[in-house]
Amino acid sequence: MSKLAGGSLGTETAVYYSEMESPIGPLTLCATEAGLCLIEFGTFAGGRENLEKWLKVQIGTVILIEDESRLEQAKAQLEAYFAGGLQDFTLPLDMRGTAFQLQVWEALRGIPYGESASYKDIAVRIGNPQAVRAVGGANNRNPVPVIVPCHRVIGAGGTLVGYAGGLAIKTRLLQLEAEHARPDDTGTYLF
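None of these values were measured; they are calculated from a predicted model. (Residues numbered from 1 in each chain as written. Predicted model: local features only at pLDDT ≥ 70, side-chain atom pairs only at ≥ 80, totals over all residues. Heavy atoms only, no water.)

A. Molecular detail of the pairing of strand 3 (residues 27–31). With respect to burial, strand 3 is a largely interior element, five of its five residues being buried. The two faces of strand 3 match: L27, L29 and A31 on one face and T28 and C30 on the other face are all buried. The pairing of strand 2 (residues 12–20) with strand 3 spans five bridges and is antiparallel. In the sheet register, Y17 faces strand 3, and the bridge partner there is C30. If you look at the hairpin formed by strand 2 and strand 3, you'll find six residues sitting between the two strands, and G25 has a positive phi there, around 105 degrees. Here strand 3 pairs with strand 4 (residues 36–41) via five bridges, running antiparallel. The residue bridging A31 from the neighbouring strand is L36, located in strand 4. (Buried < 20%, exposed > 50% of the residue type's maximum accessible area, 1.4 Å probe, protein only. Helix = DSSP H or I, 4+ residues; strand = E, 2+ residues; numbered from the N terminus. Pairing = 2+ DSSP bridges.)

Take a look at the structure:
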């Protein structure tokens, strides 16, 4: 797992959170001092138990602090994305996962806006063409969906396959990007 840079309060680590409304429903955003670490589909109250479990495993003992101002930049970029005015996020991230997961998530960030790639494409991109299933597992555990665009990964033959937020949200994100993509975008990204 990656290390936390700062933000400790005694034996507890501060994790700041805020909610926002979006075209795909409410989102709960969480950040450490190092950057955005988690986006949950739904409200804070509705997902608090799962959020706390994830934080315990990935960070340890935390203190949750509601803080709109710390997440203002993330909200502004997400709002611009949903409005079709932002294609590349420039937020500091505090990604937490295994070395393999981090490698997969970095490859996902290389899929251009409005385009898609298969699990096989990602496996080849990271230099491990036999790891298609493991890539799928890492994709499913992406802690910052939308920003790290796991919704752009599709199954063989262009089929839509699982998404943590549900296939309806995945479909909506792909449609949103298709509506705002530049006319010269081809729609399929091959590394």
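B. Representation of the environment of A107 in the model. Mapping A107 onto the fold places it in helix 3 (residues 99–108). Note: C-alpha distance between A107 and I122 (15 residues apart in sequence) is 6.5 Å.

C. Inspection of the packing of aromatic side chains at higher detail. Across all of its chains, the model carries four aromatic pairs by this definition. Seen in terms of ring centroids, Y17 and F44 are 3.8 Å apart; in terms of plane orientation they differ by 10 degrees. Their pairing is stacked. Of this pair, Y17 sits in strand 2 while F44 sits in helix 1 (residues 44–58), and the two are 27 residues apart along the sequence. When sorted by exposure, Y17 lands in the same class as F44, which is buried. With 5.5 Å between their ring centres and 40 degrees between their planes, Y81 and F89 make a pair best called tilted. Residue Y81 shares its accessibility class with F89, and that shared class is buried. (Phe/Tyr/Trp six-rings, centres within 6.5 Å; stacked < 30°, edge-to-face > 60°.)

D. Fine view of the UniProt feature "active site" (unreviewed entry) in the protein chain. Here the UniProt-annotated "active site" (unreviewed entry) positions come out as C150. By the secondary structure assignment, C150 is in the loop between helix 5 (132–140) and strand 7 (153–154). Judged by its relative accessible area of 4%, C150 is buried. Residues contacting C150, with those up to four places away along its chain left out, are L108, N139, N142, P145, Y163 and K170. (UniProt positions renumbered as here; feature names shortened; annotations may be inferred. Contact = heavy atoms within 4.5 Å.)

E. Quick peek at helix 5. Within the sequence span of helix 5, burial applies to V135, G137, A138 and N139. Buried residues belonging to helix 5 abut helix 3, helix 4 (119–125) and strand 7.

F. Broad picture of unusual backbone geometry. Phi at V146 is positive, roughly 80 degrees, even though this residue is not glycine. Here V146 is to be found in the loop between helix 5 and strand 7.

G. Structural detail: the state of the cysteines. The final tally for this structure, using the stated rule, is zero disulfides. Residue C30 stays outside any disulfide, its sulfur separated by 5.6 Å from that of C37, the closest cysteine. When its relative accessible area of 0% is taken as the criterion, C30 is described as buried. Of the residues examined, C37 reaches a relative accessible area of 0% and is grouped as buried. (Disulfide = S-S within 2.5 Å.)

H. Seen up close, the side chain of D121. By secondary structure assignment, the location of D121 is in helix 4. Although buried, D121 forms no salt bridge, and the nearest oppositely charged side chain, K120, lies 8.6 Å from it. Within polar-contact distance, the side chain of D121 engages the backbone nitrogen of S118 at 2.8 Å. (Lys, Arg positive; Asp, Glu negative; His and termini not counted. Salt bridge = Lys/Arg side-chain N within 4 Å of Asp/Glu carboxyl O. Polar contact = N/O pair within 3.5 Å; in protein donor to acceptor, adjacent residues only side chain to side chain.)

I. Summary view of the confidence of the model for the protein chain. Residues of the protein chain with pLDDT of at least 70 account for 90%, and the chain-wide mean is 88. Low pLDDT (under 50) marks residues 1–9, which in the prediction has 25 contacts with non-local residues, meaning those over four places away or in another chain. This model gives residues 187–191 a pLDDT under 50, and the stretch forms 19 contacts once residues within four places in sequence are excluded. (pLDDT = per-residue confidence, 0-100.)

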